[in-house]
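Architecture and fold: a report
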Amino acid sequence: MSQTVSSSVVPPAAALTCDVVVVGGGLVGGTLACGLAQHGVSTICIDKDDAGVLLDTGYDGRSSAIALACQRVLEGTGVWAHMVSDVQPILDIRVTDSNSPLHLHYDHREVGAPMGYMAENRTIRRGILARFAELEKAPLLAPATVATVDRRVDGATVTLTDGRVIHTRLVVAADGRRSQIRDMAGIRLQHGLPYNQVGIVMTVWHEKDHRGIAHERFLPSGPFAILPLPGGHHSSLVWTEKDPLAWTILKLPDAEFQAELMSRFGDFLGEVKVVSKRFGYPLTLQHASRYIDLRLALVGDAAHGMHPVAGQGMNFGLRDVAALIEKVVEARRLGVDVGAATVLEGYQKWRRFDNVLMLGMTDGLVRLFSNDIAPLRLARTAGMAVVNRLPGLKRFFMRHAMGDVGALPKLMQGEPL
């Protein structure tokens with residue numbers, strides 16, 4: 001069985017060899033490494049944080065909405081089996097505008113399946129770490145930090161700060177928005193746009209059962225999302241507020257913070273209590289000028305970072321994962337170098353247009369709803385009314401939220417590679 005490998009287990013002078021090195025063992029990078037290894041591609045995953053730190057409740061207060069098609073990716077890579085007991089099906093989605101009595105209601109009964117699932121990020125990390133422990137071809141080096149990456153026509157060499165050396169065919173940057181590997185490669189950000197908003201994130205307990213309903217409210221300062229967690233009486237809150245007001249709110253004493261929260265939350269779920277640390281995340285849009293370079297591929301936030309308004313950030317990272325796994329596994333089975341330019345070009349072609357569309361959509365939603373301008377209020381009201389009254393159009397948007405549109409990789413369709 002593979003285990004998390006520490007510096008004391010592998011001597012600094014030891015040289016390792018594998019098909020793929022994944023830098024970043026988070027939700028996207030960890031799933032990618034597990035999926036590659038499951039399909040016979042020897043993979044080493046590197047993460048700067050110790051596994052214990054990754055699972056700490058103070059590490060990351062966020063939860064993720066997992067679209068149905070992306071749940072299939074987690075299932076197809078063996079991660080889902082280790083987290084399924086701690087997820088909440090999203091049965092309904094209710095979208096409201098604070099300035100309008102109209103609303104948009106997505107009911108899972110109209111499509112015959114949950115819209116998706118909610119899980120705390122640490123639940124997903126726990127599933128990834130458990131899957132790593134089952135796979136012989138996927139060691140996780142953590143904590144470990146990359147010192148240099150030497151990419152050549154005939155292969156690549158990754159050197160860690162402790163002196164360990166890894167020889168590989170392909171390096172994947174899955175190390176987030178501030179990607180060290182992307183910067184090392186000189187890949188610039190084509191778009192980098194601050195929204196001057198902060199996502200205030202926490203977990204709340206509420207008196208009444210949420211019944212699996214996700215609520216998205218559009219307030220003048222930004223979206224306010226109440227997302228159901230397992231058990232019926234806990235929800236993840238993503239409260240978008242303008243910068244710098246958000247930082248002031250985050251620092252308020254408990255009673256004053258509670259008053260600000262309830263003025264936005266309302267009493268429809270009865271009494272509400274904050275039961276976690278408060279987190280604040282600056283919100284930006286960014287997009288890499290390209291996703292590939294010589295023996296290098298970018299996935300997830302290293303390639304694209306979007307506003308959480310549609311809850312699609314991790315989902316589009318998992319779409320990258322499914323596409324790259326399919327391309328790499330196909331190449332290996334054909335005896336083709338998994339880091340060859342043709343393999344990487346196929347991945348970039350598959351993913352770039354899809355990501356550009358979603359970045360544009362989320363940016364448009366933020367601009368349309370994060371304001372109180374009268375003409376835009378009318379446009380929002382008319383748009384929600386039209387979608388809600390046209391069953392065919394509404395089902396299309398529901399399928400889009402579930403991730404079941406576009407040219408999907410096999411893992412997203414629930415098909416074996």
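1. Describing the nonpolar core
- Formed by 102 residues in total, the largest nonpolar core has its most connected members in Leu32, Ile46, Ile66 and Met83.
- Sort the elements by how many residues they give to this core and helix α8 (residues 313-333) lands first, with 10 residues.
- Setting aside its immediate chain neighbours within four residues, Met83 contacts Ile66, Leu74, Ala119, Thr123 and Ile124.
- Residues Val204, Leu237, Ile249 and Phe265 belong to the second largest nonpolar core, which totals 18 residues.

2. Some points on helix α4 (residues 121-132)
- Helix length check: α4, at 12 residues, gives a terminal C-alpha distance of 17 Å against a target of 16 Å (1.5 Å per residue), a fit within 8%.
- Those residues of α4 that sit buried are Asn121, Thr123, Ile124, Arg125, Gly127, Ile128, Leu129, Arg131 and Phe132.

3. So, the sheet that holds strand β12 (residues 155-160)
- The four strands are arranged β2-β13-β12-β11 in an open sheet whose pairing can be described as mixed. Each edge of the open sheet is held by one strand with a lone partner, namely β2 (15-17) and β11 (146-152). Averaged over neighbouring strand pairs, the angle between their axes works out to 15° when direction is ignored.
- Two strands pair when backbone bridges link them, and β12 and strand β13 (residues 165-168) are joined in this way by four bridges, in the antiparallel orientation. Bridging across to β13, Thr157 finds its partner in His167.

Conventions and cut-offs
Residues numbered from 1 in each chain as written. Predicted model: local features only at pLDDT ≥ 70, side-chain atom pairs only at ≥ 80, totals over all residues. Heavy atoms only, no water. Core = buried A, V, L, I, M, F, W, Y, C linked by side-chain atoms within 4.5 Å. Buried < 20%, exposed > 50% of the residue type's maximum accessible area, 1.4 Å probe, protein only. Helix = DSSP H or I, 4+ residues; strand = E, 2+ residues; numbered from the N terminus. Contact = heavy atoms within 4.5 Å. Expected span 1.5 Å × (residues − 1). Pairing = 2+ DSSP bridges. Axes fitted to C-alpha atoms, helices over the stretch in contact; angles between N-to-C directions.

By themselves, these are just geometric observations and shouldn't be taken as functional.
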